[in-house]
Amino acid sequence: MAVFSCFSRTATAATPTPTATIAFAHVIRALCFSFCSSSALSSETDLNHNKPAVLATLKREPKDRNARWVFLGCPGVGKGTYASRLSNLLGVPHIATGDLVRDELSSSGPLSSQLKEIVNQGKLVSDEIIIDLLSKRLEAGVAKGESGFILDGFPRTIRQAEILEGVTDIDLVLNLKLRKEALLAKCLGRRICSECGGNYNVACIDIKAKNGRPGMFMAPLPPPPQCASKLITRADDTEEVVMERLRIYHEMTQPVEGFYRCRGKLLEFDLPGGIPESWPKLLRALNIEDHEDKQSAAA
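Structural notes, computed from the coordinates.

The rules we used
Residues numbered from 1 in each chain as written. Predicted model: local features only at pLDDT ≥ 70, side-chain atom pairs only at ≥ 80, totals over all residues. Heavy atoms only, no water. Helix = DSSP H or I, 4+ residues; strand = E, 2+ residues; numbered from the N terminus. Buried < 20%, exposed > 50% of the residue type's maximum accessible area, 1.4 Å probe, protein only. 1 Å grid on protein atoms, 1.4 Å probe; cavity = no way out; pocket = protein on both sides within 12 Å on 5 of 7 lines; lining within 4 Å. Points joined across faces, edges and corners; volume = space filled by probe spheres on them. Nonpolar A, V, L, I, M, F, W, Y, C, P; charged D, E, K, R; others polar. Pairing = 2+ DSSP bridges. Phe/Tyr/Trp six-rings, centres within 6.5 Å; stacked < 30°, edge-to-face > 60°. Lys NZ or Arg CZ within 6 Å of the ring centre and 35° of its normal.

1. Focus on unusual backbone geometry
Then, in step 1: Cis rather than trans, the peptide bond between Phe154 and Pro155 has omega equal to 5°.
Then, in step 2: Within the secondary structure, Pro155 sits in the loop between strand S5 (149-152) and helix H8 (158-167).
Then, in step 3: Notably, Asn211 is not glycine yet its phi reads approximately 50°, a positive angle.
Then, in step 4: Summarising the element assignment, Asn211 is placed in the loop between strand S9 (205-207) and strand S10 (216-218).
Then, in step 5: Using a relative accessible area of 75% as the deciding quantity, one classes Asn211 as exposed.
Then, in step 6: Positive phi outside glycine occurs at Asn287, with the angle close to 60°.
Then, in step 7: Note that Asn287 resides in the loop between helix H11 (275-285) and helix H12 (291-298).

Next comes the structure, spelled out in structure tokens:
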């Protein structure tokens, strides 16, 4: 999480060079070329339903959407889980910039040594490096015939949002939200298997209804028997570190939420509980039908 925390504080670090921005623009435009001829989508907000109007104009068949979506949400809220599910459903790649940074750190790539030095010194990962990594990932996707994307972890600053807006038209920005007490418990309950690297959660979140607020239940995600005795807690998953991480996130990302809200592209979704409860409600909010889930339920 040290890498993620370092990246999540990227705010006013070095401004991207023209070369990096141009390369990013080139890749994004190539990625969008296959569906640029589709009908224009309104960016006005459907005030009657408090949803971006794009949700009413998109086809309900998931694979036909060619989504260009951005995921926002606090660290630990579950962006990766829901983005990955939607990625499979929509047939577009889920691209998490935190994963790109971690992958580069563990590789022998050209940025690896530079990133290690930045992380070890506690400095900010610059927009230029993030854009460079993202450009390479998108370029590889174009070569494989990918179309559309779900971006997870980018943009995190107004500067990054402006760069992205300058090179492509984002359809939708989904902001996942979770009650603070549930989010804190979820972050503190995270465990990793020291042998296989699997991620689990030992927290059983059971918040009772109080003062008109509904209750919330989120079941733990236990490890399989072979991993149960090998679980470790990440060094930065302490209450103090988690609270500071959340403070930094809100300070940095609230302007980004406003950036997309005023453009009528922000959909805020309050997670009502764990995946069994939240997933079908999220699909309804996104105007998506999951035929596989329906078939499983009918079976």
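2. Here's the deal with the layout of surface pockets
Then, in step 1: In this structure, the largest pocket encloses a volume near 1,200 Å³.
Then, in step 2: Forming the walls of the largest pocket are 38 residues, and the residues nearest its centre are Gly76, Gly78, Thr81, Lys186 and Arg190.
Then, in step 3: Across the lining of the largest pocket, the residue classes tally to 17 nonpolar, twelve polar and nine charged.

3. Points about the sheet that holds strand S11 (residues 231-232)
Within a beta sheet, neighbouring strands are joined by backbone hydrogen bonds and run either parallel or antiparallel to one another.
Then, in step 1: Pairing within the open sheet is antiparallel, and its three strands lie in the order S8-S7-S11. The outermost strands of the open sheet, each flanked by one partner alone, are strand S8 (199-201) and S11.
Then, in step 2: In the sheet, strand S7 (residues 190-193) pairs with S11 via two bridges, with the strands oriented antiparallel. Opposite Cys193, over in S11, you have Leu231 as the bridge partner.

4. Quick look at the packing of aromatic side chains
Then, in step 1: All told, the structure shown has two aromatic pairs when counted by the stated rule.
Then, in step 2: Judged by centre distance (6.5 Å) and plane angle (25°), the ring pair of Tyr82 and Trp279 falls under stacked. Of the two residues, Tyr82 is situated in helix H4 (residues 79-90) and Trp279 in helix H11; the sequence distance between them amounts to 197 residues.
Then, in step 3: You can call Tyr82 buried: its relative accessible area is 4%.
Then, in step 4: Consider the rings of Phe259 and Tyr260, whose centres lie 5.1 Å apart with planes at 85°: the pair is edge-to-face. Tyr260 carries the same exposure label as Phe259, and that label is buried.
Then, in step 5: One cation-aromatic arrangement involves Arg85 over Trp279; the distance from NZ or CZ to the ring centre is 5.2 Å.

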